[in-house]
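# Structural characterization, general
One letter stands for each residue in the lines below.
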Amino acid sequence: KLIRKDLQYKELFKSMIDGFAIHEIILDEWGNAVDYIFLEVNPAFEQITGLNAGEITGKRVSEIIPDLEPYWIATYGQVALTGVQLTIENYSSQLNKWFKVTAFSYERGFFATIFEDITERRNAQEQLKERDERYRRLFDSVVGYVYTVFIENKTPVKTVHGPGCD
């Protein structure tokens, strides 16, 4: 039964579509998280991050990504030391991607992460925000009588008047 369970775990680990990694937190002499070690990563983690399992397993993140943003280590340290589960969305400038990461600790000093690449969604949100800002600036700059009517089910439900309507 134990061998079968182990094989099931390995198959699940390999076939997950989200990146999954297991890590050990590294502390300084005062107990502050300063680094972490990659213990195991699945193929989806490699695909999502572009990091090769053979090159990172057993190594510190500071060796792999020397300029890693400090919030990654601080967040993972909090998870590994307190056992709190967190889901975050953060940007990695070295990997040039946005990630949604769920991190949890299964044993004090260790943590696991589930990675999802959300770069396309974040870029689309940013483009939408920029478009809305351009539209607002254009709308505010018009001095004539301009207004927008919002319609739902073929019925006007709201109007927005430009500055020239005063």
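Structure: see above.
From a predicted model like this one, the values you see are computed outputs, not experimental measurements.

The rules we used
Residues numbered from 1 in each chain as written. Predicted model: local features only at pLDDT ≥ 70, side-chain atom pairs only at ≥ 80, totals over all residues. Heavy atoms only, no water. Helix = DSSP H or I, 4+ residues; strand = E, 2+ residues; numbered from the N terminus. Rg over C-alpha atoms; globule rule 2.2 N^0.38 Å. Buried < 20%, exposed > 50% of the residue type's maximum accessible area, 1.4 Å probe, protein only. Contact = heavy atoms within 4.5 Å. Lys, Arg positive; Asp, Glu negative; His and termini not counted. Charge placed at Lys NZ, Arg CZ, Asp CG, Glu CD. Phe/Tyr/Trp six-rings, centres within 6.5 Å; stacked < 30°, edge-to-face > 60°. Lys NZ or Arg CZ within 6 Å of the ring centre and 35° of its normal. Expected span 1.5 Å × (residues − 1). Core = buried A, V, L, I, M, F, W, Y, C linked by side-chain atoms within 4.5 Å. Polar contact = N/O pair within 3.5 Å; in protein donor to acceptor, adjacent residues only side chain to side chain.

## Things to note about the overall build of the protein chain
- The helix and strand tally for the protein chain stands at six helices and seven strands.
- Mapped in sequence order, the helices and strands of the protein chain form the string α-β-β-α-α-α-α-β-β-β-α-β-β.
- What you see for the protein chain is a C-alpha radius of gyration of 24 Å, clearly larger than the 15 Å of a compact globule of 166 residues, by over 25%.
- Principal axes of the C-alpha set define a box for the protein chain whose edges measure 70 × 40 × 30 Å.
- Burial statistics for the protein chain: of 166 residues in total, 31% are counted as buried.
- In the protein chain, of all internal contacts separated by at least 6 residues, the share reaching a separation of at least 24 is 41%.
- Of the side-chain charges in the protein chain, 19 are positive and 25 negative, and the distance between the mean point of each set is 7 Å.

## Notes on the packing of aromatic side chains
- Across all of its chains, the model carries eleven aromatic pairs by this definition.
- An aromatic cluster of at least three residues, connected via ring pairs, comprises Tyr36, Phe38, Phe45, Tyr71, Trp72, Tyr76, Phe99, Phe111 and Phe115.
- Lying over the aromatic face of Trp98, Arg122 brings its terminal NZ or CZ to 3.6 Å of the ring centre.

## Points about unusual backbone geometry
- Even without glycine at this site, Asn96 takes up a positive phi of about 55 degrees.
- As for its position among the elements, Asn96 is in the loop between β3 (86-92) and β4 (97-107).
- For Asn96, a relative accessible area of 52% translates into the label exposed.
- Even without being glycine, Lys154 reaches a positive phi, approximately 65 degrees.
- Relative to the elements of secondary structure, Lys154 occurs in the loop between β6 (147-152) and β7 (155-161).
- Among the residues examined, Lys154 registers a relative accessible area of 82% and is labelled exposed.

## Describing helix α1 (residues 2-15)
- Over its 14 residues, α1 extends 20 Å from the first C-alpha to the last, a length consistent with the 20 Å expected when each residue adds 1.5 Å.
- Among the 14 residues of α1, one are classified as buried, and the element is accordingly described as predominantly exposed.

## A word on the nonpolar core
- Grouped together as the largest cluster of nonpolar side chains are 24 residues, with contacts concentrated most on Tyr36, Phe38, Phe45 and Tyr76.
- Of all the secondary-structure elements, those providing two or more residues to this core are β1 (19-27), β2 (33-41), α2 (43-49), α3 (53-56), α5 (70-82), β4 and β5 (110-117).
- At five residues, α5 tops the list of elements feeding residues into this core.
- Other than its neighbours up to four places away in sequence, Phe38 contacts Ile22, His23, Phe45, Leu51, Ile56, Thr57, Gly58, Lys59, Val61 and Ile64.

## Details of the environment of Asp35
- Locating Asp35 in the fold gives a position in strand β2.
- Relative accessible area serves as the criterion here: at 4%, Asp35 is assigned to the buried category.
- Separated by 86 residues in the primary sequence, Asp35 and Arg121 have C-alpha atoms spaced 29 Å apart.
- Setting aside anything within four residues of it in sequence, one finds Asp35 in contact with Glu24, Ile25, Ile26, Arg60, Val61, Ser62 and Ile73.
- A polar side-chain atom of Asp35 sits 3.4 Å from the main-chain amide nitrogen of Val61.

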